[in-house]
Amino acid sequence: MVEVTRSNFNEIFPSVEQSIKNASFIAIDTEFTGLHLGPSNDNNLFDNLRERYTKLLCRAVSFIPCQIGLSTFTKCLNENSYSVETFVFYIRPCMVGSIDRIFMCQASALDFLSGYNFDFNKFIQEGIPYLNENEEIQVRQKLEDGTICLPHEKLQDPRHQVKLNDVIDRTFKKTKNKPDISKERITLPIDRRSHVYFQLNEIRRKFPKCWAYVENDLIVIKAVSPEERKKLEECKAEEQEKVLDYFLGFTKVFRLLKKCQKPIVGHNLLMDLMLLYHNFHQNLPATYDKFKKELHSVFPVIYDTKHIWLNIREVQEFKRFAANSALTALYELLKSPPDYLNTLYSPGILPSNCQKYVVGDFVHDSGYDAFITGYVFLKICHTFKQHLDAISPFVNKVNFSYFQLKYINLDGADPEPQQPGYLYISPKTWTRTLTREELLMRFSKHHTLEFKFIKGRRAALAVVQNVYMYNRILKEFKDDPDIIVEK
């Protein structure tokens, strides 16, 4: 596993690029700063498709990805095996010009990440920057009109600015009548609180007879003639492209995934896809239909291992498969499969840079989760037909949790919604009203149940997703002394 941060991103990027280009498929996993926005945003069985997408959109634009794992699986030439390279990227948005993202963190999500040894220092101090296309257009415009530096002045230490002004004034005022003034130099440490480009431009703006540049990781200031300055300013376009390239950061990896159009594999990955789209591509569309169309144009081939496992039992007519679709449970099952899941010629999986994932447990490290997602995907494929065609019925079908649709189809019509079972609940004493607390207590063991009060709380409508549970509730409350439960 290669850990990629702001410090080594440029050094590692060529290896990432080569690995993606050579890959047969790419498994991804994302860790993010939160998942829930409170009761009004919770998934509900009463949701229609528009309402559910709106809820997911609100989460995707409120929280941010903080770590992304990519595992590239590459078929070995003339061998029944795949080599695997895994990269773990710490990422976070950075202030650039007027773009200064505000995002949310959920306390329980931070507790969760901390419990799995997430390195928050790397996220904050070494997170790789990124921009989506909407933000890139703004940054490019601000670079061209010269206004991008202004918001960054507030990040600079005013004491440092006073000292800098004094040093420059004294140095160049003292030597201004000397013929060798062009040889005078001032060297200063780089202020790490903002990109050095903004510091250089601030100095150049305040001192027209000076020029600032970087040499040996220090800011160097020298006196220049008007002719020299004009010539040096001709290189500003090249400087600006370098600055833009720096702030694009992880977006370059995303664009490489988009360009190469290799199959993308994830586990229950709808929110991962929405976060990737919003943070590295474009602002999320307001409508579900447009999102589906646009996402398919970005990633034309997607596989969701959760959806595959939940449904392959029906396609293959093999009912003995474990119903548990949790990623780690599937990995443990397929790593040491029972006899009925064993198959001849199952391919070897050869970790190239992530050997520790084979011998250790690193759950909720995005690199580890990406690795075992790809492992599960490959083993499912070869358990049935020894090739990727085994899962062709599931391409571009993504799991949709706790809803009338089992999945969404990214390259065609969605399946017909399963109409949930509705129950009418009313008190036997017609003057009495119902309370949520009462219903939660009475139906506590029936988890897949949602309530909506009607008739001024004199009745409630309940929706049940599970047919077995629907019939069981009707039977249990048939002779209840306090409430009536009916179809």
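Residues numbered from 1 in each chain as written. Predicted model: local features only at pLDDT ≥ 70, side-chain atom pairs only at ≥ 80, totals over all residues. Heavy atoms only, no water.

Colleague: Help me out: how do you make sense of the sheet that holds strand β5 (residues 185–189) in this one?
Modeller: The 3 strands lie next to each other as β5-β7-β6, forming an open sheet whose pairing is antiparallel. Here the strands that pair on one side only, and so sit at the sheet edges, are β5 and β6 (210–215). Each adjacent strand pair in this sheet contributes to an overall mean axis angle of 25°, direction not counted. Pairing between β6 and strand β7 (residues 218–223): 6 bridges, direction antiparallel. Across the sheet, C210 pairs through a bridge with A223, a residue of β7. Together, β6 and β7 form the strand contacts of helix α7 (residues 196–206), whose direction differs from that of β6 by roughly 160°. (Pairing = 2+ DSSP bridges. Helix = DSSP H or I, 4+ residues; strand = E, 2+ residues; numbered from the N terminus. Axes fitted to C-alpha atoms, helices over the stretch in contact; angles between N-to-C directions. Contact = heavy atoms within 4.5 Å.)

Colleague: Where do I start with the packing of aromatic side chains in this structure?
Modeller: Aromatic ring pairs: the centre-centre distance and the angle between the two ring planes describe each pair. Under the defined criterion, the tally for this structure stands at 31 aromatic pairs. Ring geometry for Y53 and F291: centres 5.6 Å apart, planes at 35°, overall tilted. Of this pair, Y53 sits in helix α2 (residues 49–62) while F291 sits in helix α12 (residues 288–298); the two residues are 238 residues apart in sequence, bridging distant segments of the chain. Classification of F291 as buried rests on a relative accessible area of 1%. Aromatic pair F254 and F299: ring centres 5.6 Å apart, planes at 70°, arrangement edge-to-face. Of the two residues, F254 is situated in helix α10 (residues 251–260) and F299 in the loop between α12 and β9 (302–304); the sequence distance between them amounts to 45 residues. Here F254 matches F299 in class, with each residue buried. (Phe/Tyr/Trp six-rings, centres within 6.5 Å; stacked < 30°, edge-to-face > 60°. Buried < 20%, exposed > 50% of the residue type's maximum accessible area, 1.4 Å probe, protein only.)

Colleague: Quick question: what am I supposed to make of the packing of helix α1 (residues 9–22) against α10 here?
Modeller: To describe two helices that pack against each other, one gives the angle between their axes and the distance between the axes. Where α1 meets α10, the closest approach of the two axes is 11 Å, and the angle between their N-to-C directions is 15°. The pairing of α1 with α10 is recorded here as roughly parallel in orientation. Seen from above, α1 lies across α10 with right-handed handedness. From α1, F9, N10, F13, V16, E17, I20 and K21 reach across to α10, where they touch K252, V253, L256, L257 and C260. (Parallel < 35°, antiparallel > 145°, perpendicular 65-115°, else oblique. Left-handed = near helix turned anticlockwise from the far one by under 90°.)

Colleague: What's the story with the sheet that holds strand β15 (residues 459–464) in this structure? I'm lost.
Modeller: Sheet strands associate in pairs through backbone hydrogen bonding, adopting either a parallel or an antiparallel arrangement. Taken together, 4 strands build an open sheet; the order of strands is β14-β15-β13-β16 and the sheet is antiparallel. Strand pairing shows two members of the sheet lacking a second neighbour, β14 (449–454) and β16 (483–486), which therefore form its edges. Taking each pair of neighbouring strands and ignoring which way they run, the sheet shows an average axis angle of 25°. Relative to β15, β14 runs antiparallel, the two sharing 6 bridges. Bridge assignment links E450 to a residue of β15, and that residue is V463. Each of β13 (421–427), β14, β15 and β16 touches helix α18 (residues 467–476); the most contacted strand, β13, lies at about 25° to it.

Colleague: How should the layout of surface pockets be read in this particular structure?
Modeller: Empty space among the atoms can be located by rolling a probe the size of a water molecule over them. The computed volume of the largest pocket comes to approximately 1,200 Å³. Surrounding the largest pocket, 42 residues form its lining, S194, H195, V196, Y197 and Y246 being those nearest its centre. At the level of secondary structure, the elements contributing two or more residues to the lining of the largest pocket comprise α1, α4 (120–126), α7, β6 and α9 (236–248). Residue contributions to the lining of the largest pocket peak at 6 residues, all from α9. A breakdown of the residues in the lining of the largest pocket according to their chemical character gives 21 nonpolar, 7 polar and 14 charged. By volume, the second largest pocket amounts to about 950 Å³. Residue lining of the second largest pocket: 33 residues in total, with F32, L35, H267, N268 and D272 positioned closest to the centre. Broken down by secondary-structure element, the contributors of at least two residues to the lining of the second largest pocket are β2 (25–32), α2, α3 (107–115), α11 (270–280) and α14 (327–335). Along the lines of polarity and charge, the residues of the lining of the second largest pocket split into 13 nonpolar, 13 polar and 7 charged. (1 Å grid on protein atoms, 1.4 Å probe; cavity = no way out; pocket = protein on both sides within 12 Å on 5 of 7 lines; lining within 4 Å. Points joined across faces, edges and corners; volume = space filled by probe spheres on them. Nonpolar A, V, L, I, M, F, W, Y, C, P; charged D, E, K, R; others polar.)

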